[in-house]
Amino acid sequence: MARETKLRVEGLKTRFFTEEGQVNAVEGVSFEVAEGEVFGIVGESGSGKSVTALSVMDLVDAPGRVVDGEVWFRSPALADRVGEEIPEAVDGELVDLRRLDARERRALRGAEFSTIFQDPMSSFNPSITVGEQIAEAVEVQRRARANPRSVRSRTQGYGLSSFVVDSLLPTREYVHRPSRDRAIELLELVGIPDPAERAGEYPHQFSGGMLQRAMIAQALAGEPSVLVADEPTTALDVTIQAQVLDLLAELQAETGMTTVLITHNLGVIARMCDRVGVMYAGEIVERGTLEDVFDEPVHPYTQGLIGSIPDLEGSHQRLEPIPGNVPSLLDAEMDDRCYFADRCPKAMHECLEKPPDFAVDDLHAAKCYLARHDYDEADALPEGYFDA
Amino acid sequence: MGFGKFLARRILQGVFVVWGVVTVVFFLRFLTPGDPTATLLPPDAGEAVRQRLREQLGLDQPVHIQYIDYLTDIAMLDFGLSMREGRPVGELILVRLPATLELAIAATIVAVVIAIPLGVISARRRHEPADHGATLFSLVGISTPNFWLGIVLIMFIAVRVGFLPVGGRSVNLTQVVTMLADGQPQYLGRWLGQLILPSIALGTYFTALITRLTRSGMLEELGKAYVKACRAKGLPEALVLYKHVLRNTLIPIVTVLGLQLGTLIGGAVITEEVFAWPGLGSFLIRRITLRDWTAIQGTIIVIGIGFVIINILVDSTYAYLDPRVVDE
Amino acid sequence: MIPDRVRASLKRELRTSLLAKVGIVLVVSIFVLATFAPFFAPHDPTTQRVGVGGTEAQSNLPPLGFSQEVQRVSPQGTETVYVNATAEFPLGTNTQGQDILSRLIYGARVSLLVGLLGAGLAVIVGVPWGLVAGYFGGRLDDGLMRGADVMLAFPSLVLAIALVGVFRDSGFHTTRIPDPFVLAAQSETIPNVLIPRSDHVASMPESFVFPVTVTLVVALVNWVWFARVARGEAISVRTEEYVKAARSIGASDVTILRQHVLPNSVTPIIVLATIQVAAIILLESALSFLGFSGTDLTWGADIADGRGDQRSQWWIATMPGLAIVLAVVGVNLVGDWLRDALDPSIEGEGGV
Ligand SMILES: Nc1ncnc2c1ncn2[C@@H]1O[C@H](COP(=O)(O)OP(=O)(O)OP(=O)(O)O)[C@@H](O)[C@H]1O
Ligand code: SF4
Ligand SMILES: [Mg+2]
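About the cut-offs
- Positions within a chain are numbered from 1, following the residues in the order the chain's sequence is written.
- Here chains are named by letter from A upward and ligands by number from 1 upward, in the order in which they appear as written.
- Side-chain atom pairs in this predicted model are given and counted only at pLDDT of 80 or more, local residue features only at pLDDT of at least 70, and totals for whole chains, interfaces and linings cover all residues.
- Side-chain measures here rest on the full set of heavy atoms in the structure, leaving out hydrogens and waters.
- Whether two strands pair comes down to DSSP finding at least two bridges between them.
- Think of it this way: any DSSP run of H or I at least four residues long counts as a helix, any run of E at least two long counts as a strand, and we number them from the N terminus.
- It only takes one pair of heavy atoms within 4.5 Å for two residues to be counted as in contact.
- Orientation is described by axes fitted as lines to C-alpha atoms, over the contacting stretch for helices, and by angles from 0 to 180 degrees between their N-to-C directions.
- By buried area we mean how much accessible surface two parts lose on assembly, using a 1.4 Å probe and totalling the loss over both.
- N or O atoms closer than or at 3.5 Å make up a polar contact, with two conditions inside protein: a donor-capable atom paired with an acceptor-capable one, and, for residues adjacent in sequence, both atoms drawn from side chains.
- We define a salt bridge as a contact between a side-chain nitrogen of Lys or Arg and a carboxyl oxygen of Asp or Glu at a distance within 4 Å.
- Amino acid classes used here: Ala, Val, Leu, Ile, Met, Phe, Trp, Tyr, Cys and Pro are nonpolar; Asp, Glu, Lys and Arg are charged; the rest, including Gly, are polar.
- Being near a molecule or strand, for a residue, comes down to having at least one heavy atom within 4 Å of it.
- For the exposure calls, accessible area comes from a 1.4 Å probe over protein chains only, and a residue counts as buried if that area is under 20% of its type's maximum, exposed if over 50%, partly exposed in between.
- The directions from the helix axis to the C-beta atoms are what the arc is built from.
- Only protein atoms enter the 1 Å grid used here. Points where a 1.4 Å probe fits but cannot escape make up a cavity, open sets with protein on both sides within 12 Å along at least five of seven lines make up a pocket, and a residue lines them when an atom lies within 4 Å of a point.
- Grid points are joined across faces, edges and corners, and a volume is the space filled by probe spheres set on the points.
- Confidence of the predictor at the level of single residues is given by pLDDT, which spans 0 to 100.

1. Some thoughts on the sheet that holds strand S4 (residues 64-74) of chain A
Strand pairs in the sheet, formed through backbone hydrogen bonds, run parallel or antiparallel to each other.
Residue and element names in this part refer to chain A.
Piece 1. A sheet is described by the order of its strands in space; here 5 strands give the open sequence S2-S1-S4-S6-S5, paired in antiparallel fashion. Edge positions in the sheet fall to strand S2 (21-34) and strand S5 (90-91), since each of these pairs with one other strand and no more.
Piece 2. One ladder, built from 2 bridges, connects S5 with strand S6 (residues 94-96); its direction is antiparallel. Residue pairing in the sheet places Asp 91 in a bridge with Leu 94 of S6.
Piece 3. Along the sheet, helix H1 (residues 49-57) makes contact with strand S1 (5-18), S2 and S4, crossing S1 at roughly 110 degrees.

In structure tokens, the structure reads:
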């Protein structure tokens with residue numbers, strides 16, 4: 001594939017500084033997504049998938065912080081603009097978003113990056129109509145185009161006083177008519193019947209599947225070039241899941257959006273993705289093309305995952321393939337070893353030292369010594385080694 | 001269910017509550033020790049005179065007849081004659097109502113205008129000095145008796161500095177308006193001046209309370225998933241903060257405030273006493289000292305009705321802000 | 001008695017929160033001062049020193065750190081003299097020459113007693129009311145809670161003023177409570193060595209006036225909040241599996257209410273009760289300020305007393321108010337601490 005890299009994440013580290021201690025939620029994640037490709041991230045609950053997505057979007061809230069890493073994003077226009085001010089943030093057509101200021105990054109949200117969250121019910125504001133919320137997403141971009149400079153202001157001309165005036169005078173609103181019309185078009189696009197009427201309804205009047213479609217419509221509002229979908233179907237019924245996935249696949253094919261798809265359902269991965277990263281304890285332990293990962297998995301964790309898929313696609317079963325628990329991500333409780341070693345059936349003495357990323361071939365890499373040599377039973381760790 | 005039906009049900013409930021208030025107030029009189037005629041007649045009045053008065057007042061009737069009579073009277077807004085001066089209680093109350101409303105509204109405005117921005121700042125700058133200051137203010141504010149605050153304000157500002165009037169209500173709103181039309185704006189200043197200290201005294205508790213509620217509500221709301229979704233679609237921070245978060249924070253605050261209005265009205269009673277403000281509150285206290293029972297009953301019923309009306313208004317606002325309420 | 005988990009979260013919250021510590025210190029010190037008032041009060045709070053009968057007038061003395069300019073009229077004309085504070089009366093004296101500090105310490109007794117007893121009575125009435133309404137639901141619930149709504153339609157101070165107005169002419173408006181410490185110090189049978197400062201204690205008032213109607217009235221205007229919270233808890237517990245199971249094996253409603261529903265509502269009720277103690281202290285002070293409580297040895301009455309001297313003797317009204325603020329801040333802080341540690345979501349008058 002000669003497609004160019006759209007997004008390249010390198011050594012991303014995100015920490016939460018909680019009362020219990022430092023949580024290493026994302027621990028040096030690197031991956032690359034080519035233009036128009038679908039990259040899947042799969043892993044058990046708590047492995048850091050969502051935090052990775054949020055870190056890429058710069059949406060991590062206190063007490064969390066992205067502490068290290070680079071997020072390279074291809075955008076010739078942005079590279080031109082930023083190049084003079086911050087030359088080190090630009091590499092050809094790629095821009096390191098981590099080096100941009102918060103306003104610049106906010107301007108990219110909705111316009112270049114969009115997100116679909118796991119739980120549509122809680123991801124819509126319950127007291128504002130669905131149509132209005134989608135129209136807002138259209139409106140920000142409309143205003144940004146009309147007045148590019150306004151994008152970088154904190155308020156975009158909207159402050160407490162505008163809120164007061166808007167609430168008192170119903171005729172004055174942030175969202176303008178054309179944006180509302182566009183919101184209805186978008187609802188129609190994602191297959192919502194009676195879009196004009198439903199746009200005036202509140203989230204609680206929608207079913208889960210309909211609301212997830214609405215969120216997809218909202219994500220498309222700014223015509224983004226990258227879509228991050230964080231478990232877009234987990235909260236839905238099985239039959240609805242398939243419909244929503246079909247819709248996503250269709251829209252992706254149509255618009256050619258570069259997509260990062262997070263899920264713990266390997267069936268979804270198999271159906272949608274070109275490349276896959278497998279996450280465990282905040283790290284991507286294996287990545288490669290769909291074939292690499294499904295047909296020739298190297299990492300014992302991946303092997304466990306693949307082994308556990310019930311053969312029919314579209315299974316909604318949560319991944320619990322390997323005995324044992326996801327380790328605590330508390331910094332104080334993490335030893336400097338292969339984090340999977342305590343559950344790994346093939347753990348060896350050398351695994352007590354942290355394995356680096358080993359390239360298996362061009363696009364295929366794994367954080368496991370088995371990528372370099374075969375399992376050596378003589379070197380195996382004694383059973384019950386980690387129980388003490 | 002539509003909004004109209006919601007409102008109708010709410011009003012029906014309100015009527016029921018008012019009926020309860022009237023009933024309680026009616027029976028309160030039976031708890032009063034002493035013969036009601038004792039306060040009306042000179043001590044040396046003969047038994048025959050007393051009996052005639054009882055008949056006139058209907059006090060010789062059985063209780064249930066008296067009760068029904070009372071209910072009908074109240075339903076027709078007839079609160080009876082004052083036991084002290086023989087004038088209709090309704091009239092006496094009506095004269096004093098505007099002063100109380102003026103004070104309560106002024107205090108509410110002071111509270112809302114100060115508290116909401118303060119709460120927002122406090123939540124946004126969590127754990128910064130501004131937040132600590134606001135937290136301390138709201139803690140002390142909800143712990144300060146408003147009558148004492150009033151006295152302190154009078155002592156240190158009105159008397160020592162001589163800045164604002166010590167009390168009283170020398171001009172009313174009608175006068176201000178006529179004078180303004182006459183080209184005499186200085187009355188506006190007098191009117192505002194006399195209102196400042198009483199509304200600070202009465203409003204401080206509410207300012208503190210709303211600040212506290214706004215802060216904790218904003219913090220809770222900011223942790224919700226939709227806030228992240230709003231940011232993800234690129235909305236400017238101020239829009240997320242006000243149109244989404246603050247609006248949703250105000251929804252529960254509105255209900256709490258409805259319940260707290262009792263405290264506001266109660267507070268108004270005692271603030272009026274401190275500032276010699278000629279409203280319903282100082283009227284009530286004076287009448288209790290005089291043991292003027294018809295006046296006391298009438299005042300309490302009017303306050304109860306006012307409270308019910310405000311609560312219906314509050315609930316309607318709530319239903320307007322949160323569409324889920326009407327649907328329940 | 002307290003589950004370990006609750007104890008642990010109380011401790012954690014206390015460790016991290018400075019305000020919780022301040023609150024506990026305030027509440028405990030005021031409680032100790034009030035209980036052992038005869039030991040701590042430097043003077044008899046009722047002794048007047050107006051200068052009759054050859055004693056020197058010691059009225060209107062300013063608090064330590066202040067001095068007061070007074071115009072004294074004598075046959076020779078008016079002269080300006082400065083009255084200085086004395087260490088004997090650290091917070092000064094009032095117009096009758098009574099020691100303000102001692103009055104504040106004794107005033108705390110009435111405030112705390114009314115606060116605790118009033119809240120206790122409100123719990124006794126409100127909690128069963130709410131539990132029954134919530135547990136049985138239906139018609140009974142409607143009836144009971146509509147009744148409660150009527151109570152809510154009276155602003156509590158207005159209702160309290162009206163009720164006190166009604167009952168103030170009754171025989172039980174106030175009662176005198178004898179002071180056990182003073183009686184012990186005065187008695188011959190208890191050896192005085194057991195009592196520190198026994199001569200001092202013996203010279204203190206033998207009893208103090210307790211406002212009975214005010215206590216009843218504050219309970220009457222507060223019980224509804226407890227009924228509401230208890231009802232909410234009962235409703236949420238009613239549908240739990242273990243309650244259904246208990247019912248299916250034939251446990252009586254009373255047993256279920258006592259063994260399952262009540263224990264679950266304890267936490268929110270404790271938090272609410274704390275907040276209500278603060279509200280009641282404020283309410284009591286308002287009633288005694290208006291002169292309805294029947295005793296003049298309370299903070300509210302002292303504020304009313306000092307109100308006439310607004311121009312010069314600012315401390316007479318200011319000091320008792322500060323005492324109220326400190327007490328209520330303390331109780332509110334303890335309430336915040338309990339709420340943050342136990343985390344029930346409740347509403348109530350006087351604090352949220
Ligand atoms: N706000 C936060 N504060 C503290 N820790 C957090 C926070 N958010 C996430 N974490 C921690 O980060 C780790 C990764 O969480 P994340 O939500 O990314 O998992 P996930 O892979 O998306 O799981 P799931 O499949 O359940 O969504 C978890 O261990 C979690 O405890
Ligand atoms: S590095 Fe060792 S312990 Fe870790 S997965 Fe590979 S074989 Fe297992
Ligand atoms: Mg997740």
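Once the structure has been displayed, the description carries forward.
2. Observations regarding the interface of chain B and chain C
Piece 1. Taken together, the 51 residues of chain B in the interface contact 49 residues of chain C.
Piece 2. Here chain B and chain C share an interface that buries about 4,500 Å² over both sides, 75% of which is from carbon and sulfur atoms.
Piece 3. When residues of chain B are sorted by the area they lose upon contact with chain C, Trp 148, Met 155 and Leu 259 of chain B head the list and together hold 14% of the total.
Piece 4. Between the two partners, chain B and chain C, sit 6 residue pairs in polar contact (both at pLDDT 80 or more).

3. Regarding the interface of chain A and chain B
Piece 1. Counting residues at the interface gives 36 residues for chain A and 26 residues for chain B.
Piece 2. When the two sides are added together, the surface that chain A and chain B hide from each other amounts to roughly 2,900 Å², 61% of it contributed by carbon and sulfur.
Piece 3. The interface formed by chain A and chain B holds 5 salt bridges in total.
Piece 4. Here Asp 61 of chain A makes a salt bridge to Lys 228 of chain B, at a shortest N to O gap of 3.8 Å.
Piece 5. Taken together, chain A and chain B are joined by 15 residue pairs in polar contact (both at pLDDT 80 or more).
Piece 6. The set of elements that each furnish at least two residues to the side of chain A that touches chain B consists of H1, strand S7 (113-116), helix H4 (120-123), helix H5 (130-146) and helix H6 (160-168) of chain A.
Piece 7. A class-by-class count of the residues in the side of chain A that touches chain B yields 16 nonpolar, 14 polar and 6 charged.

4. Comments concerning the site of ligand 2
Piece 1. Surveying the vicinity of ligand 2 reveals 13 residues, the closest of which are His 299, Cys 338, Cys 344, Cys 351 and Cys 368 of chain A.
Piece 2. Residues of the shell around ligand 2, tallied by class, amount to 11 nonpolar, 1 polar and 1 charged.

5. A short note on helix H3 (residues 47-57) of chain B
All names here are of chain B.
Piece 1. Among all positions in H3, only Arg 50, Leu 53 and Arg 54 are buried. Angular distribution of buried residues about the axis of H3 spans 105 degrees; they occupy a single face of the element. In this structure, H3 carries Ala 48, Arg 52 and Gln 56 as exposed residues pointing more than 90 degrees from its buried face.
Piece 2. Directly after H3, the chain includes Gly 58, whose backbone phi takes a positive value near 75 degrees.

6. Here's the deal with empty space enclosed by the protein
Piece 1. This model, assessed by the stated rule, comprises 10 cavities of 30 Å³ or more.
Piece 2. For the largest cavity, the calculated volume is near 370 Å³.
Piece 3. Taken together, 22 residues line the largest cavity, and the ones lying closest to its centre are Asn 146 and Thr 263 of chain B together with Ala 279, Leu 282 and Leu 283 of chain C.
Piece 4. When residues of the lining of the largest cavity are traced back to their parent elements, those giving at least two are helix H7 (146-161), helix H9 (186-222) and helix H11 (237-275) of chain B together with helix H6 (156-167) and helix H11 (253-289) of chain C.

7. As for the confidence of the model for chain B
Piece 1. In this model, chain B carries an average pLDDT of 85, and 95% of its residues clear a pLDDT of 70 or more.
Piece 2. Model confidence for the complex is summarised by a pTM of 0.84, with the ipTM given as 0.88.

8. Focus on the sheet that holds strand S12 (residues 358-359) of chain A
Residues and elements named next belong to chain A.
Piece 1. One open sheet accounts for 8 strands, arranged S7-S8-S9-S3-S10-S11-S13-S12; its pairing is mixed. Strand pairing shows two members of the sheet lacking a second neighbour, S7 and S12, which therefore form its edges.
Piece 2. With 4 bridges connecting them, S7 and strand S8 (residues 226-230) associate as parallel partners. By the bridge assignment for S8, Phe 113 is matched with Val 226.

9. Thoughts on the pairing of strand S11 (residues 283-289) of chain A
All names here are of chain A.
Piece 1. For S11, a buried count of 6 out of 7 residues is recorded, marking the element as mostly surrounded by other parts of the structure.
Piece 2. Bridge analysis of strand S10 (residues 275-280) against S11 gives 6 bridges, and the strand direction is antiparallel. Residue pairing across strands places Met 279 opposite Ile 284, the latter belonging to S11.
Piece 3. Summarising the sheet, S11 and strand S13 (residues 365-366) pair through 2 bridges and their orientation is antiparallel. Residue Glu 286 lies in a different strand from S13, and its bridge partner there is Ala 366.

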